[in-house]
Amino acid sequence: MSKDIRIKKGLNIRLKGAASTEISGAPRSRTFNVRPADFHLITPKMVIKEGAKIKAGDDIFYNKANETMRFVSPVSGTLQEIRRGAKRVITDIIIEADKEDSYRDFGKTDLSDAAAVKARLLEAGCWPFIKQRPYDVIANPEVTPKAIFISAYNTAPMSADYDLILADKGEQIQAAIDGLKTLTDGSIHVGVPKGGNSVFNNINGIETHNVSGPHPAGNVGTLIGRVDPVNKGETVWTIHAEDLVIIGELLANGHYKADRIIALAGSSVKTPKYYKTKIGAEVSTFVYDSGLNEENVRVISGDVLSGTQISPEGHLSFYANVVSVIPEGDDYEFFGWNKPIFNKISTSRALTFSWLNPKKEYELDTNTNGEHRAFVVTGSYEEVFPLDIYPLQLLKSCMVKDLDAMEAMGMYEVAPEDFAVTEFICVSKQPHQKIIREALDLMYKEIG
Amino acid sequence: MGMKQNLHKLKEKYRGKKMAPAFNALHTFLYTPNEVTHGGTHVKAADDLKRTMNIVILALVPCLIFGIFNAGYQHYAAIDMAKGLTVEPSWFGNFFTWDNFWLGAGKVIPLVVVSYGVGLIVEFIFAVIKGHEVEEGYLVTGMLVPLIVPIDIPLWMLAVAVVFGVVIGKEVFGGTGMNILNPALTIRAFLFFAYPTWMSGDKVWVHGAVERAGTADAISGETILGSYAQNQDVIYSISDMFWGFIPGSVGETSKVLILLGAFILIFTKIGSWRIIVSTLIGALVMGLIFNGVVSAGWIDEGSTFYGLMSVDFWQHLFIGSILFGAVYMATDPVSAAQTNKGKWIYGFLIGFISIMIRVFNPAYPEGVFLAILLMNVFAPTIDHYVVQANVKRRQKRLKLKAA
């Protein structure tokens, strides 16, 4: 059973340096990093000390608010260092990896037993893969969601192609779906590219939706909005498609295997392609394997719209399936505000000419192309925002912290990533995703 | 690239100082800044607010140039007509002439200089006091103001009005993006109510008409609207109105150039076509209603309103400043309705009310700016109800679920 979802509003941001379909093995990383900052609003409580020997799947810390929610090591090795920042907040947990991984054995899970599945996911560090809406945080295990949403269609610029990275993972995905199905009263909805060759077309127990259209058509938020929007008091879960593989491996074989195929992309990368690596690995292992075109670059764990900036010596973050490397734009441009522009993307035609050839791939840098201003222009966000929400009005209510207005205008339905395209085109250079994130946090504190 | 480095050093030197916004305003005028993204999207689209405002200014430039020539042309034409000669406008015969240019430029350029000079000084002062960057909003306002005032307005009045308009119309609300009323129209409204003799009547629209009034050399400065309002014959043809060889505020007479501006704004997606189209529809509908009143015989030729009511409905678009208002004023995104549905309602009501005021207020027949200011005030209300429809839909969804 599948339905078509056609998205009209949106913007495909075509950038130079999308990964070719070649998949290489990245050299094994010397250290791995588990960054508590990847897990939004989680306060970590360490269970091991520096110097401890751990296997892949062994506990590192747990959620202070919920002791059953464990966060585990992606590899076997030695806990080398716990780095702390201001107010002694743990910023990085560095693990020195062994040459070979040995896995903690969780044993097989009974896929028909909801309690067993939930307990296994929690103890084996797979729960954090499950996020919830409202609030876009790690799901609350106490709440039964009305449905689970998975997007197997990536429309973000230079993002990993799910059809490619999940091609032969059908077995694990089926196991994960079977297990997750017990945790919801509703269905598991999966968005697949229309006309694509998705592995999900052969998975049982899900409802697939054939999605087409420009970004953010592939965002899971767009799928939720079209299929079954979140109402007040309801909860849905979202899971990244590639994480089903890890969940399935755990449920079927009892091992936490943090393997991930990531796309290395961006105009600064010499040979953009896919690499097999692990969550938390040093990105330099594959970035330098592929080579860079220039020195002054920004390395982003994630896509260029919603990813996190990391140092070139940094580590792959928990939710990323792409590492983007683009040139830094810390330079002035003479009369940049009034001369005709051919080499940057724009949705207007204000002496910007990207509308002339929509298929062209651009080489964008990190320059803001202008200064931060109050909201002035109206009507442009609506052109690229597919949800049934007034984006400008919602953002304004977030900025003035009007909780009632936020609730009425659909705050429960959104995640920061849904506002990535509006942020990209924003003439006033407002940080939409940050505004939404902070407002969600405020709501979570006050209401949730 | 010496200048780039030197300016960069200066910027670093003055970072955080009181005068930094003033310096940065000039610096960013030359160079888009070296700012990079932090968090959020790592890349951004090419447009910034300066570019957006710049397009509006470009769309206004043809009107300004035409206004300069027309100021001269109207002056000499009025003198000739006072002598009893008939004057036929011709582009290169008596319009694009150096005489017209020098006279027009001598009157119009000072208006532009005062408008920008005074307005930007106020903006810079507020930016320095409040420690924020100088925002671009005034770039457009400063260009609009000289185009919507009578040619002979004394410069000091303009300066006072600009200070009032920028401070009360904009800065007290928090600057660009926060204002409720269109600042350019606030300036015009201030002039209109503070110095009505300089802003209306049959003398102010042609250079020299005021000072010659009562002398043997008296010339007429009557606009078409004024003639209609007094049930007089209009001496200008439709083609004069379309091309713009008529008296009026400096930059609003040439309908063809306004349409060119509208094309630029709509094509670049800077101006809202919804507002422009709906304003014109609103004006036409009101004009049709009045035509209907006249043809139904409800009023006769003796009525004060007969002149303007009997104007063919479509001609309303060519007289007065309804077209200029619809294209450049109503579309100001900050003071207009901000939802797409709201824009239709907002524009329609502007057009509708403009023509209503025009007909029913023969003493001051131009109603466009009052209509726009009125709808500026109601724009948030319109938006509120549009957004409420979305909110209601969401609540209904929830109720269906619960049921």
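Residues numbered from 1 in each chain as written. Chains lettered and ligands numbered in written order. Predicted model: local features only at pLDDT ≥ 70, side-chain atom pairs only at ≥ 80, totals over all residues. Heavy atoms only, no water.

A. Region of the structure containing the domain arrangement of chain A. Under the domain assignment used here, chain A contains domain 1 (1-26 + 110-327), domain 2 (31-97), domain 3 (339-367) and domain 4 (381-446). One C-alpha centre belongs to domain 2 of chain A, the other to domain 4 of chain A, and the line joining them spans 32 Å. (Domains from an automatic or database assignment.)

B. Structural detail: the side chain of T52(B). Counting through the fold element by element, T52(B) comes out in helix α3 (residues 49-82). In contact with T52(B), not counting residues within four places along its chain, are V377(A), V427(A) and I270(B). (Helix = DSSP H or I, 4+ residues; strand = E, 2+ residues; numbered from the N terminus. Contact = heavy atoms within 4.5 Å.)

C. Geometry of the interface of chain A and chain B. Listed per partner, the contact involves 76 residues of chain A and 61 residues of chain B. Of all residues in chain A, Y332(A), W337(A) and R373(A) bury the most surface against chain B, accounting for 16% of the area lost on that side. Of the charged contacts, one joins E413(A) and R397(B) as a salt bridge, the two residues approaching to 2.8 Å between their closest N and O atoms. Elements that contribute at least two residues to the side of chain A that touches chain B include exactly β18 (297-301), β19 (308-310), β21 (333-334), α7 (391-399), α8 (403-408) and α9 (420-425) of chain A. Element by element, the count of residues in the side of chain A that touches chain B is highest for α9(A), at four residues. Tallied by class, the residues present in the side of chain A that touches chain B amount to 30 nonpolar, 23 polar and 23 charged. (Buried area = accessible area lost by both parts, 1.4 Å probe. Salt bridge = Lys/Arg side-chain N within 4 Å of Asp/Glu carboxyl O. Nonpolar A, V, L, I, M, F, W, Y, C, P; charged D, E, K, R; others polar.)

D. Fine view of the pairing of strand β9 (residues 90-97) of chain A. Residue and element names in this part refer to chain A. Of all eight residues in β9, six are buried, a share of seventy percent or more. As defined by bridge partners, strand β8 (residues 77-84) adjoins β9 across seven bridges and the pair is classed as antiparallel. Bridge pairing in β9 links G77 to A97. Once β8 ends, the chain turns through five residues before running back antiparallel as β9, passing K87 with a positive phi of about 55°. (Buried < 20%, exposed > 50% of the residue type's maximum accessible area, 1.4 Å probe, protein only. Pairing = 2+ DSSP bridges.)

E. Focus on helix α8 (residues 183-194) of chain B. Residue and element names in this part refer to chain B. When the terminal C-alpha atoms of α8 are compared, their 16 Å separation across 12 residues agrees well with the 16 Å that a helix rising 1.5 Å per residue should span. Of all 12 residues that make up α8, nine are buried, and the element is covered over most of its length. Within the sequence span of α8, burial applies to P183, A184, L185, T186, I187, R188, A189, L191 and F192. Capping the start of α8, N182 holds a side-chain oxygen 3.0 Å from the backbone nitrogen of A184, two or three residues further along. (Expected span 1.5 Å × (residues − 1). Polar contact = N/O pair within 3.5 Å; in protein donor to acceptor, adjacent residues only side chain to side chain.)

F. Seen up close, unusual backbone geometry. Of note, the bond from R133(A) into P134(A) is cis; its omega dihedral lies within 30 degrees of zero at 5°. Put simply, H215(A) and P216(A) share a cis peptide bond, and its omega is 10°. Residue placement: P216(A) occurs in the loop between β14 (207-212) and α4 (220-227). Backbone geometry places K269(B), a non-glycine residue, at a positive phi of 65°. Checked against the element boundaries, K269(B) lands in the loop between α13 (255-267) and α14 (273-295). K269(B) gets classed as partly exposed once you look at its relative accessible area, which sits at 44%.

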